[in-house]
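Here's the letter readout for the chains.
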Amino acid sequence: MDETDLETLASSLGNPKWSDMTFLERRRALGLEVELDESGVFAGRPSPVFIDFEASSLSAESWPIEVGIAWLEDKRVVIESKLIRPRPEWPEKDWNPVSEQVHGIPRADLDDAGSADDVAAWLLEVIAGRSLVSDAPEFDQRWLDYLLGGPGPQINDFDRVLWMAFSREEGIISPGRLNKAYKNRLTRPTIHRAGDDAAGLCYAWRAGIGK
């Protein structure tokens, strides 16, 4: 990604409104080291959790069939995912064979998966207190809310998160970090399995922050 690409990205995202929130508060929201511990040393915060879903289809009635999450622990990318057994009230007619060809998850495999309630409880426990990041929040937010049975934690857009994370005060971007993140992103194909695709975002994040 060159400077022209970055300018195009910046234009599409809109200039960050730095007056809305202080620079340090934005970095805190992204899990970056911006506060002091009891000894007066900068203390790290939990890594953002990168999240991805696979679903029965892409329709408005679609329901989640797999959730994957990934985050950093020091330099290591931790990846977890779970298949989801649909609730009885989820519309079976929404299962789309075309989507099945994309993600490769047979409908029968979901019958032996963890219940939606169990997966929801597990997910909320793992992500507690962390910011969520997705490259398709308009879809993943809908499926997260569907899984939880109501509005869940807000999922942040991956491009906006990179913009804020790799900007300095007054919104001045660090193109070297953005280039590293997007270059890493482009080298990893989309697998269309939730854990692998969440991990792809996390690897790009790790490349950008230089770990």
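It should be emphasised that the depicted structure is a prediction, and the values quoted were computed from it without experimental measurement.

Caption draft 1: Geometry of the side chain of Ser-62. When you line up the elements, Ser-62 lands in the loop between β3 (49-55) and β4 (64-73). On the accessibility criterion, Ser-62 (0% relative accessible area) is buried. One polar contact links Ser-62 to Trp-143, side chain to side chain, over a distance of 2.8 Å. With residues up to four places along the chain from it excluded, the contact list for Ser-62 reads Ser-56, Ser-57, Asp-94, Arg-142, Trp-143 and Tyr-146.

Caption draft 2: Fine view of the sheet that holds strand β5 (residues 76-85). Spatial ordering of the open sheet is given by β6-β5-β4-β3-β7-β8, a layout of 6 strands whose pairing is mixed. Of all the strands in the sheet, just β6 (114-115) and β8 (155-157) have a single pairing partner and so form its edges. Strands β3, β4, β5, β7 (132-134) and β8 of the sheet are contacted by helix α5 (residues 137-148), whose axis makes an angle of about 80° with β3.

Caption draft 3: Region of the structure containing helix α7 (residues 175-187). With 13 residues, α7 should reach 18 Å at 1.5 Å per residue; the first-to-last C-alpha distance of 18 Å fits that figure. Within α7 the residues assigned to the buried category are Leu-178, Ala-181, Tyr-182, Asn-184 and Arg-185. Buried residues of α7, seen end-on, are gathered within an arc of 155° and therefore sit on one face of the element. Exposed residues lying more than 90 degrees from the buried face of α7 are Lys-180, Lys-183, Leu-186 and Thr-187.

Caption draft 4: Geometry of the nonpolar core. Core analysis: the largest hydrophobic core is formed by 26 residues, its most contacted members being Ile-51, Val-67, Leu-123 and Leu-147. When contributions to this core are tallied by element, the ones reaching two or more residues are β3, β4, β5, α4 (116-127) and α5. Contacts of Ile-51, omitting those with residues within four sequence positions, involve Val-67, Gly-68, Ile-69, Leu-123, Leu-132, Val-133, Ser-134, Asp-140, Ile-155 and Ala-198. By size, the runner-up hydrophobic cluster in this structure holds 19 residues, among which are Leu-72, Val-161, Ala-198 and Cys-202.

Caption draft 5: Looking closely at the packing of aromatic side chains. In this structure the tally under the stated criterion is 7 aromatic pairs. Between Phe-50 and Trp-205, the aromatic rings sit 5.9 Å apart at their centres with planes inclined by 55°, giving tilted as the arrangement. Within this pair, whereas Phe-50 is found in strand β3, its partner Trp-205 is found in helix α8 (residues 194-209), the two being separated by 155 residues in sequence. Taken as a pair, Phe-50 and Trp-205 share a single burial class, namely buried. Centre to centre, the rings of Trp-90 and Tyr-146 are 5.2 Å apart; their planes meet at 75°, and the pair counts as edge-to-face. With Trp-90 in the loop between β5 and α3 (97-103) and Tyr-146 in helix α5, this residue pair connects regions lying 56 residues apart in the sequence. By relative accessible area, which is 5% here, Trp-90 ends up buried. A relative accessible area of 27% places Tyr-146 in the partly exposed class. Ring-pair connections join several aromatic residues into one group, and the members of that group are Phe-50, Phe-158, Tyr-182 and Trp-205.

Definitions and cut-offs
Residues numbered from 1 in each chain as written. Predicted model: local features only at pLDDT ≥ 70, side-chain atom pairs only at ≥ 80, totals over all residues. Heavy atoms only, no water. Helix = DSSP H or I, 4+ residues; strand = E, 2+ residues; numbered from the N terminus. Buried < 20%, exposed > 50% of the residue type's maximum accessible area, 1.4 Å probe, protein only. Polar contact = N/O pair within 3.5 Å; in protein donor to acceptor, adjacent residues only side chain to side chain. Contact = heavy atoms within 4.5 Å. Pairing = 2+ DSSP bridges. Axes fitted to C-alpha atoms, helices over the stretch in contact; angles between N-to-C directions. Expected span 1.5 Å × (residues − 1). Arc of directions from axis to C-beta. Core = buried A, V, L, I, M, F, W, Y, C linked by side-chain atoms within 4.5 Å. Phe/Tyr/Trp six-rings, centres within 6.5 Å; stacked < 30°, edge-to-face > 60°.

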